[in-house]
Structure formats: C-alpha cells, structure tokens
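Listed here are the chains, written in short residue letters.
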Amino acid sequence: MRMLIATDVILAGLLLAACGDDDEESSESTATPRGTSTAAGGGTEVDVTVQEFSVIPETDSADAGEITFKVENVGPDDVHEFVIFKTDLEPDALPTVADGSVDETGEGVELIDEIEDIPVGETQTVTVDLEAGSYVLICNIFDEAENEAHYQEGMRTAFTVE
C-alpha cells in the first residue's frame, strides 16, 4: 500500500511539473500585437487601408523583425501609394518640397520602402525588416489635376516598432 501511495505521489508531482512547464512556456511566448497576425514566413503581417485621405493600419505597432504590410486601396476615387519612413519626426512634420509632397531624401527621414500606384480596389504587399524605432507611413502622391499632395491632405500616420 505504501508503494502504491508513493507511486501516486511521484506521478502527481511529475504531472504538476509538466503542467507548470507548459504554463511557463505559454507565458513566455511572444504575443502578437493586436491587429496583426503571424505571416506564413514567420514574420508579422499588418493590414493597412489607404483611402481619401488617410492611412489606417490595423495596429500602430509591431515587434521588430520581418513585417509584411498588406495594403488595400479602398479609394473611392484615387490611386494611392504606401511609403515607409524611419524618423523621429512627427507624422505631420516631415520635410516637404514646393508642391507639399514629402522630400523622400530630406533631413530627418530615412526612406525604407514603398509600394507605388495602388489602384482603387487592389491590395498589394511589401515586406521589410524593421528594427525598433519610430516610423511614419504615408501616401506621397501629388495629384497635378487636383493640385493636392495626399500627404498634406492627411495621408500619414505614426507606426512604432518595438
């Protein structure tokens, strides 16, 4: 009888230890920021909507590393683009040229990557490897017919990589 009780105590201890390890691992796992998902390649995917006149990511931050921005232009009328800058400047304080579009080689901004000319109704992606820091996501189209810079119309937002 003592042998049976000792065996039960040992088995119970092993079972509890195994459960404790599982809980510890799950609490240490990297959480995916709200509004993002893990991409098939192991990076993070962030859905972004561009429209007249805003840039709307599902989340305003992501973990450092490979990030795929999946950008949908919902229009309703204009072609847009998606540009990623690393910068410590506020989204509305990027350097501009005479027409109001952002100077992509200006002081205080580092152009990371972009998707040019996304037609209304289309979704395109860009994958970048981002280090921790502050970023600004914009549309940098200047529409000559309307004489408007999409950046000046409000197509800009902050994005943080942690």
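Below, the structure is looked at part by part. On a predicted model such as this, the values are computed, not experimentally measured, just so you know. (Residues numbered from 1 in each chain as written. Predicted model: local features only at pLDDT ≥ 70, side-chain atom pairs only at ≥ 80, totals over all residues. Heavy atoms only, no water.)

Section: the overall build of the chain
To keep things clear, this is the line we draw: Going along the chain from the N terminus, every DSSP run of H or I of four or more residues is numbered as a helix, and every run of E of two or more is numbered as a strand. Burial classes follow relative accessibility: with a 1.4 Å probe on protein chains only, a residue under 20% of its type's maximum area counts as buried, one over 50% as exposed, and anything between as partly exposed. Contacts are assigned to residue pairs with any non-hydrogen atoms lying within 4.5 Å of each other. Each accessible area value is a Shrake-Rupley result obtained with a 1.4 Å probe; residue values ignore everything except the protein chains displayed when judging cover.
Scanning the chain from terminus to terminus reveals one helix and 12 strands. Ordered by position from N to C terminus, the α and β elements of the chain give α-β-β-β-β-β-β-β-β-β-β-β-β. Burial analysis of the chain (162 residues in total) assigns 36% to the buried set. Residue pairs in contact within the chain that sit at least 24 positions apart in sequence constitute 66% of those at least 6 positions apart. Approximately 9300 Å² of the chain is accessible, and the part contributed by carbon and sulfur atoms is 47%.

Topic: the sheet that holds strand 7 (residues 110–118)
Rule in force here: Two strands are said to pair when DSSP picks up at least two bridges between them.
Ordered by their spatial adjacency, five strands build an open sheet running 4-12-9-6-7, and the pairing between neighbours is mixed. The open sheet is flanked by strand 4 (61–62) and strand 7, the only strands paired with a single partner. Here strand 9 (residues 133–138) pairs with strand 12 (residues 156–161) via six bridges, running antiparallel. Following the sheet pairing, Leu137 is matched in strand 12 by Thr157.

Focus: the environment of Ile115
Considering the arrangement of structural elements, one finds Ile115 in strand 7. Overall, Ile115 belongs to the buried group, its relative accessible area being 6%. The spacing of Ile115 and Val83 is 32 residues in sequence and 6.5 Å in space, taken between C-alpha atoms. Those residues in contact with Ile115, other than ones at most four positions away along the chain, are Val71, Glu81, Phe82, Gln124, Thr125 and Val126.

Details of unusual backbone geometry
The omega torsion across Glu52 and Phe53 is -15°, close enough to zero to call that bond cis. Turning to its location among the elements, Phe53 is positioned in the loop between strand 2 (44–51) and strand 3 (54–57). Residue Gly75 is joined to Pro76 through a cis peptide bond whose omega torsion reads 15°. Along the chain, Pro76 turns up in the loop between strand 5 (65–75) and strand 6 (80–86). You will see that Asp117, though not glycine, has its phi angle at about 45°, which is positive. The residue Asp117 is located in strand 7 in this model. Phi at Asn147 is positive, roughly 50°, even though this residue is not glycine. Position of Asn147 relative to the elements: it lies in the loop between strand 10 (142–143) and strand 11 (148–149). Given the relative accessible area of 60%, Asn147 is considered exposed.

Notes on the environment of Asp117
Owing to a relative accessible area of 48%, Asp117 belongs among the partly exposed residues under this scheme. Through-space distance from the C-alpha of Asp117 to that of His80 is 5.5 Å; in sequence the pair is 37 residues apart. Beyond its immediate stretch of four places on either side in the chain, Asp117 contacts Val79, His80, Glu81, Gln124 and Ile141.

A closer look at the packing of aromatic side chains
Put simply, the rule is: Each Phe, Tyr or Trp ring (for Trp, its six-membered ring) is paired with any other whose centre lies within 6.5 Å, and the angle between the two planes then decides the class: stacked below 30 degrees, edge-to-face above 60, tilted in between.
Counted by the stated rule, this structure contains two aromatic pairs. For the ring pair Phe69 and Phe82, a centre distance of 5.3 Å and an interplane angle of 50° mean the geometry is tilted. Highlighted residues: Phe69 in strand 5 and Phe82 in strand 6, separated in sequence by 13 residues. Relative accessible area serves as the criterion here: at 0%, Phe82 is assigned to the buried category.

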